[in-house]
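Structural overview
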Amino acid sequence: QYEMCYTNILQILDLSQIAIYSKDRKEEDPIVIGGGPCTYNPEPIADFVDLFFIGEGEERENLQHLINSLDLGDCVSLLGFKNPPYEEMAKADLFVSTSLTEGYPVNICEAICLGLPIIATRCTGTTEILGENGEYGMIAEQNEDSIFECIKSMIIDGNLLESYKQKTISASQR
């Protein structure tokens, strides 16, 4: 079912006026990162996503073979387990967490410490850290349309992206 959402990625890129193909993007363009269930079958989106894998998994060997066969070594890296992953996270332009449930979202705290603008779905833990009204990060409802609109807003509006970046920097210093 996740593969049916792949076209949303193209729509987000198009509406955000970001080059569809990763090979056509410039250094100043945002880095597009794919993850979660879509990484089980990355081939359909390989041309559109700048993909970094953090962690280990049973599919690592198959993914490395796919990366090699598609000649994607320049834009896809299997970094392996990184403890902590902060160096890689710090390269991101935006941190997105689409968890359905959280106890205490450590990954969001880490993104705050790195000064990353944050979009997270509304759930326990997320609102306690980012604020009920999204004072320190944009809070999306738990549906694709809301997540899409938040990502689109952040990518299109550089001032909004910078504003949330400054808010997370401020939050990390309290």
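Before going into details, it helps to say that this report is about the structure given with it. (Residues numbered from 1 in each chain as written. Predicted model: local features only at pLDDT ≥ 70, side-chain atom pairs only at ≥ 80, totals over all residues. Heavy atoms only, no water.)

The end-to-end C-alpha separation of helix H7 (residues 158-172) is 21 Å, in line with the 21 Å expected for 15 residues at 1.5 Å each. On its buried side, H7 packs onto helix H4 (106-113), strand E4 (118-121), strand E5 (138-140) and helix H6 (144-156). If you check the start of H7, you find a side-chain oxygen 3.0 Å away from the backbone N of Asn-159, and it comes from Asp-157. (Helix = DSSP H or I, 4+ residues; strand = E, 2+ residues; numbered from the N terminus. Expected span 1.5 Å × (residues − 1). Contact = heavy atoms within 4.5 Å. Polar contact = N/O pair within 3.5 Å; in protein donor to acceptor, adjacent residues only side chain to side chain.)

For Gln-17, which is not glycine, the phi dihedral falls at a positive 60°. Along the chain, the position of Gln-17 falls in the loop between helix H1 (6-15) and strand E1 (52-53). In this structure, Asp-71 takes a positive phi of about 55° despite not being glycine.

The next point concerns the environment of Gly-134. With respect to the helices and strands, the residue Gly-134 is situated in the loop between helix H5 (126-130) and E5. In this structure, the C-alpha to C-alpha distance between Gly-134 and Ala-120, residues 14 residues apart in sequence, is 9.4 Å. When sequence neighbours within four positions are dropped, the list of residues in contact with Gly-134 reads Ile-139 and Tyr-164.

Quick look at the packing of H1 against H6 now. Closest axis-to-axis distance for the H1/H6 pair is 9 Å, and the angle between their directions is 30°. The angle between the axes of H1 and H6 places the two elements in the roughly parallel class. Remark: the crossing between H1 and H6 carries right-handed chirality. Facing H1, whose interface residues are Asn-8, Gln-11, Ile-12 and Leu-15, H6 presents Glu-144, Phe-148, Ile-151, Lys-152 and Ile-156. Residues that form the contact of H1 with H6 fall into these classes: five nonpolar, two polar and two charged. (Axes fitted to C-alpha atoms, helices over the stretch in contact; angles between N-to-C directions. Parallel < 35°, antiparallel > 145°, perpendicular 65-115°, else oblique. Left-handed = near helix turned anticlockwise from the far one by under 90°. Nonpolar A, V, L, I, M, F, W, Y, C, P; charged D, E, K, R; others polar.)

On to the side chain of Thr-126. Looking at the secondary structure, you find Thr-126 in helix H5. If near-sequence neighbours (up to four positions away) are discounted, Thr-126 is found in contact with Glu-102, Pro-105, Ile-108, Ala-120, Thr-121 and Gly-131.

All right, on to H4 then. Taken together, the buried positions of H4 are occupied by Ile-108, Cys-109, Glu-110, Ala-111 and Ile-112. At the exit of H4 stands Gly-115, carrying a positive phi of roughly 75°. (Buried < 20%, exposed > 50% of the residue type's maximum accessible area, 1.4 Å probe, protein only.)

A separate point is the sheet that holds strand E3 (residues 95-97). Ordered by their spatial adjacency, three strands build an open sheet running E3-E4-E5, and the pairing between neighbours is parallel. Each edge of the sheet is formed by a strand with only one pairing partner; in this case those strands are E3 and E5. Across this sheet, the average inter-strand angle for adjacent strands is 15°, counted without regard to direction. Note: E4 against E5, three bridges, orientation parallel. Within E5, the residue paired with Thr-121 across the bridge is Ala-140. Sheet strands in contact with H4 are E3 and E4, and its direction is about 165° off that of E3. The sheet strands contacting H6 are E3, E4 and E5, and the helix crosses E5 at an angle near 155°. (Pairing = 2+ DSSP bridges.)

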